[in-house]
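# Chain and residue survey
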Amino acid sequence: MKTSDFDYYLPPDRIAQTPVEPRHASRLMVLHRQSQTIERRFFSDIADYLRPGDVLVCNESRVIPARLYGRKDRTGGQVEVLLIAKRGENIWEALVKPGRRVRPGVTLVFTPSDSGQPRAVEPLTGEVLEQTEGGGRLIRFSGVSDVEAALDALGTVPLPPYIHTPVLDIERYQTVYARVKGSVAAPTAGLHFTPRLITQLQKKGITFVFVTLHIGLDTFRPVREEELSQHRMHAEFCQVALEATREINRARERGGRIVAVGTTAARVLETAVDKGGIIQPFTGWTDIFIYPGYSFKAIDALLTNFHLPRSTLLMLVSAFAGKGFIDRAYAEAIAKGYRFYSFGDAMLIL
């Protein structure tokens, strides 16, 4: 199977530029794999498709202010830095633009005036240590007593490049349960949940379990290799705590379904599952790449948004639902005016 098999045309007006209010008012397309049928509902109706004993596994990673504006210390040339993943104490892998002349040994300086921030923050410096295999840079930040606080103060939350309308409330690009800082993009399937809807589902006997995957470079990098087997995922940090594994495994033993809220939650669980289908505690890096032909061991259902052409996310949902079924669902979603991508509508695959 080739990358071009996952290409499709999306009219630009189908790309959601703003979120709907309230969150659960988005549309929900329900795909039944066994019958190959499709229903069109609203996200607020999701309780109709979940049963007592089911577990919704959510990624509680929080988007960080990962975009920084600064300059080169010696020349004063302006640079834009997008933090991708933390690689050590005050060391981050990052994308730098323009990057051609930002070589190892260059020192970058970040100040409130560079970032347009009115706050009084000490200048932060970043030494470029090396160039990464993917074209990024490893940068060691210093110059202040609390580097993390300075990054938070100087940075801005990066929105995907296809969103052109300013977001008035940046918390709208966070899930209501986002807690663990580390992502550079939101786990968007979870954006549809409101506290009221979560409470409603819990009263029905549905359990919420939280895992972590810090979304990084592959959100921004298209699949360039035509042969899927040649693509290598950029490693992302993830964690499944012991208590989470106990909740998930107990639910499965009792006949409950494991519903991954988003492709990131699915990747975490498929990383942590053993050959017998038991979820094990896990803390570390995952580069799991799921595409058609993959045999799922951890999840029974998937809640997801509508994804970009040629993306690893589209490949994952095609692996779970079947490519032909996903092709048909996407064609129907486009024809029926569904909203796509981060602020778009949702799909529940059962």
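Residues numbered from 1 in each chain as written. Predicted model: local features only at pLDDT ≥ 70, side-chain atom pairs only at ≥ 80, totals over all residues. Heavy atoms only, no water.

Scanning the protein chain from N- to C-terminus turns up 7 helices and 17 strands. In terms of overall size, the protein chain behaves like a compact globule, its C-alpha atoms giving a radius of gyration of 21 Å where 350 residues would be expected to give roughly 20 Å. In terms of its C-alpha atoms, the protein chain occupies a principal-axis envelope of roughly 65 × 45 × 40 Å. Burial analysis of the protein chain (350 residues in total) assigns 55% to the buried set. Sequence separation of 24 or more characterises 71% of the internal contacts of the protein chain that already satisfy a separation of 6 or more. For the protein chain, the exposed area adds up to about 15500 Å²; of that, 50% sits on carbon and sulfur atoms. Side-chain charges of the protein chain comprise 44 positive and 38 negative groups, with the mean position of each set lying 2 Å from the other. (Helix = DSSP H or I, 4+ residues; strand = E, 2+ residues; numbered from the N terminus. Rg over C-alpha atoms; globule rule 2.2 N^0.38 Å. Buried < 20%, exposed > 50% of the residue type's maximum accessible area, 1.4 Å probe, protein only. Contact = heavy atoms within 4.5 Å. Areas by Shrake-Rupley, 256 points an atom, 1.4 Å probe, with all protein chains shown as cover. Lys, Arg positive; Asp, Glu negative; His and termini not counted. Charge placed at Lys NZ, Arg CZ, Asp CG, Glu CD.)

Counting through the fold element by element, His24 comes out in the segment before strand 1 (27-32). Ignoring anything within four residues of it in the chain, the contact list for His24 reads Phe43, Ser44, His192, Thr194, Arg196 and Leu197.

Turning our attention to the sheet that holds strand 17 (residues 346-349). Spatial strand order, 2-1-17-16-14-3-12-13-15: 9 strands in an open sheet with mixed pairing. Across the chains shown, the open sheet's two edge strands, defined by having one partner strand only, are strand 2 (37-42) and strand 15 (282-286). Taking the axes of each pair of neighbouring strands and ignoring which way they run, one obtains an average angle of 25° across the sheet. Along the sheet face, helix 7 (residues 323-335) touches strand 1, strand 2, strand 16 (301-305) and strand 17 and points at about 155° away from the line of strand 1. (Pairing = 2+ DSSP bridges. Axes fitted to C-alpha atoms, helices over the stretch in contact; angles between N-to-C directions.)

The subject of this paragraph is helix 7. Helix length check: helix 7 (13 residues) gives 18 Å between terminal C-alpha atoms against 18 Å at 1.5 Å per residue, within 8%. Turning to helix 7, its buried residues number three or more, namely Lys323, Phe325, Ile326, Ala329, Tyr330, Glu332, Ala333 and Ile334. Against the buried residues of helix 7 lie strand 1, strand 2, strand 16, helix 6 (312-321) and strand 17. Trailing helix 7 by a residue or two, Gly337 shows a phi angle of about 80°, which is positive. (Expected span 1.5 Å × (residues − 1).)

Along helix 3 (residues 195-203), the residues classified as buried are Leu197, Ile198 and Leu201. For helix 3, the angular spread of buried residues about the axis comes to 100°, placing them on one side. Structural note: helix 3 exposes Pro195, Arg196 and Lys203 on the side pointing more than 90 degrees away from its buried face. Where the residues of helix 3 are buried, they touch strand 3 (55-59) and strand 12 (207-213). In the stretch just after helix 3, Gly205 is the one whose phi turns positive, near 100°. (Arc of directions from axis to C-beta.)

With antiparallel pairing, 6 strands are arranged side by side around a closed barrel as 5-6-7-10-9-8. This sheet shows a mean twist of 45° between the axes of neighbouring strands, independent of strand direction. Two strands pair when backbone bridges link them, and strand 6 (residues 78-88) and strand 7 (residues 91-97) are joined in this way by 7 bridges, in the antiparallel orientation. Bridge pairing in strand 7 places Val81 opposite Val96.

Attention shifts here to the packing of aromatic side chains. Under the criterion given, the structure shown has 17 aromatic pairs. Here Phe289 and Tyr291 contribute two aromatic rings whose centre-to-centre distance is 4.7 Å and whose plane-to-plane angle is 45°, an arrangement assigned as tilted. Taken together, the ring pairs connect Tyr8, Tyr162, Phe306, Tyr330, Tyr338, Phe340 and Tyr341 into an aromatic cluster. In this arrangement the basic side chain of Arg27 is found over the ring face of Tyr338, its NZ or CZ atom lying 3.8 Å from the centre. (Phe/Tyr/Trp six-rings, centres within 6.5 Å; stacked < 30°, edge-to-face > 60°. Lys NZ or Arg CZ within 6 Å of the ring centre and 35° of its normal.)

With respect to the secondary-structure elements, Gly99 resides in the loop between strand 7 and strand 8 (107-110). Note: C-alpha distance between Gly99 and Gly136 (37 residues apart in sequence) is 8.2 Å.

So, about the packing of helix 6 against helix 7. Relative orientation of the contacting elements helix 6 and helix 7 amounts to 115°, with a least axis distance of 7 Å. Contacts from Leu314, Val317, Ser318 and Ala321 of helix 6 reach helix 7 at Lys323, Phe325, Ile326 and Tyr330. Broken down by class, the residue content of the contact of helix 6 with helix 7 amounts to 6 nonpolar, 1 polar and 1 charged. (Nonpolar A, V, L, I, M, F, W, Y, C, P; charged D, E, K, R; others polar.)

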